[in-house]
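Spelled out from the first residue to the last, the chains are:
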Amino acid sequence: MKILRLAALSALLTLPLLGAPASAAAEPTGPGLVARYNFDGGTSEGKINDLSGRGAALTLRGSNNGQVSILTEGAGRFAAFPAICAAAVSNCAKALLETPDRPDLDPGTRNFKWAASVRLTAGQLSGNANVMQKGVANAESQWKMQVTSKTGRAQCVLVARGSAQTFTATSARPVADGSWHRVACERANGSLAVAVDGVTTGRVTVPATVGVDNAMPMRVGGPNLAGSGDMYHGQIDDIYIQLG
């Protein structure tokens, strides 16, 4: 595996450019596609460009010298996030990617799909591992994809605006096994479903009145850089978001 490193973005963050083996994933198309990132194009001014033509770039943020690496394996590239710190370390390196709030990322009550390819092991789980999200559970509303700390299963989460009612679809089998898995979350036809490698294995009912709309950025790899909870420590590729 070849690793290239870019210059530091700031005193807190550097971006090493590496390549990635993308897990095979169908390329999303159509007017509903509002954001797509596959990391194969490298970076532009330290950012990961959106390929949908409708979204903004992903910006790298980090603390304690945290890095997001873009790794090359085979013909593709992917993002790798900082490793878990030892329990005795108080200033763990952390990093995430984010893109600003915009209407296309706030689905409200509309049908909505978000997906990513993930690769991690059970040993890379420290609390729940947040793959991608917009919003936080205790403020406004949220949509999220995560891998659970106890079982290593994929979860899709919606938190309703106003009521904070939470809906969670959980995959039937773990994804934290060291292999690439394609995870897709979809709200449609009165339900929230999670699919792993093209097979839907978890579904919950979601009332039509449940809305998700917040002023937060969309983040990949963690909820924020405060504290140590719910950071993602594995690898991610082929992110996309669709409306309708």
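Predicted model only: the values in this text are computed from it and were never measured. Residue positions within a chain follow its written sequence, with the count starting from 1. The predicted nature of this model means local features are confined to residues of pLDDT at least 70 and side-chain atom pairs, given and counted, to a pLDDT of 80 or more, with totals for whole chains, interfaces and linings taken over all residues. Hydrogens are left out, water is left out, and the side-chain values use all remaining heavy atoms of the structure.

Details of the pattern of salt bridges
The working definition used for a salt bridge is a side-chain nitrogen of Lys or Arg within 4 Å of a carboxyl oxygen of Asp or Glu. Across all of its chains, the model carries ten salt bridges by this definition. Ionic pairing is found between arginine 119 and glutamate 73, a salt bridge with its closest N-O pair at 3.5 Å. Note that arginine 119 is positioned in strand E7 (residues 112-119) and glutamate 73 in strand E4 (residues 69-73), a separation of 46 residues in sequence. Burial classes follow relative accessibility: with a 1.4 Å probe on protein chains only, a residue under 20% of its type's maximum area counts as buried, one over 50% as exposed, and anything between as partly exposed. We classify arginine 119 as buried; its relative accessible area is 15%. The salt bridge involving aspartate 101 is made with lysine 134; its shortest N-O contact spans 2.7 Å. Each helix is a run of H or I in the DSSP string that is no shorter than four residues. Each strand is a run of E no shorter than two, and both are numbered from the N terminus.

Observations regarding the pairing of strand E9 (residues 139-147)
With respect to burial, E9 is a largely interior element, seven of its nine residues being buried. Only strands joined by at least two bridges in the DSSP assignment are considered to pair. With six bridges connecting them, strand E8 (residues 129-136) and E9 associate as antiparallel partners. Each bridged residue has a counterpart across the sheet, and for glutamine 133 the counterpart in E9 is lysine 144. Inspection of the sheet shows E9 paired to strand E10 (residues 153-159) by six bridges, in the antiparallel sense. Across the sheet, the residue bridging to methionine 145 is cysteine 156, located in E10. The antiparallel hairpin formed by E9 and E10 contains five residues in its connecting segment, where glycine 152 sits at a positive phi of about 70 degrees.

Here's the deal with the nonpolar core
Counting 49 residues, the largest nonpolar core has Trp114, Val131, Met132, Trp143, Val220 and Ile241 as the members making the most contacts within it. Any two residues whose heavy atoms approach within 4.5 Å are treated as being in contact. Excluding anything up to four places from it in sequence, valine 131 contacts Ala116, Val118, Met145, Gln146, Val147, Arg219, Val220, Gly221, Tyr232 and Ile236. We define the nonpolar core as a collection of buried residues of types Ala, Val, Leu, Ile, Met, Phe, Trp, Tyr and Cys that are connected through side-chain atoms lying within 4.5 Å of one another. Core analysis: the second largest hydrophobic core is formed by five residues, Leu33, Ala184, Ala195 and Tyr240 among them.

Here we look at the packing of aromatic side chains
Think of it this way: a Phe, Tyr or Trp ring, Trp meaning its six-membered ring, pairs with another when their centres are within 6.5 Å, and the plane angle makes it stacked under 30 degrees, edge-to-face over 60, tilted otherwise. Inspection of every chain in the model, using the stated rule, returns five aromatic pairs. An angle of 40 degrees between the planes, with centres 5.4 Å apart, marks the rings of phenylalanine 112 and tryptophan 114 as tilted. Assigned by exposure class, phenylalanine 112 and tryptophan 114 land together as buried. For the ring pair phenylalanine 112 and tryptophan 143, a centre distance of 5.3 Å and an interplane angle of 65 degrees mean the geometry is edge-to-face. With a gap of 31 residues between them, phenylalanine 112 in strand E7 and tryptophan 143 in strand E9 connect regions that are remote in the sequence. The two residues phenylalanine 112 and tryptophan 143 agree in class, both being buried. Working rule: Lys NZ or Arg CZ, within 6 Å of ring centre, within 35 degrees of ring normal, means a charge sits over the ring. Arginine 119 extends its terminal NZ or CZ atom over the ring of phenylalanine 78, reaching a point 5.4 Å from the ring centre.

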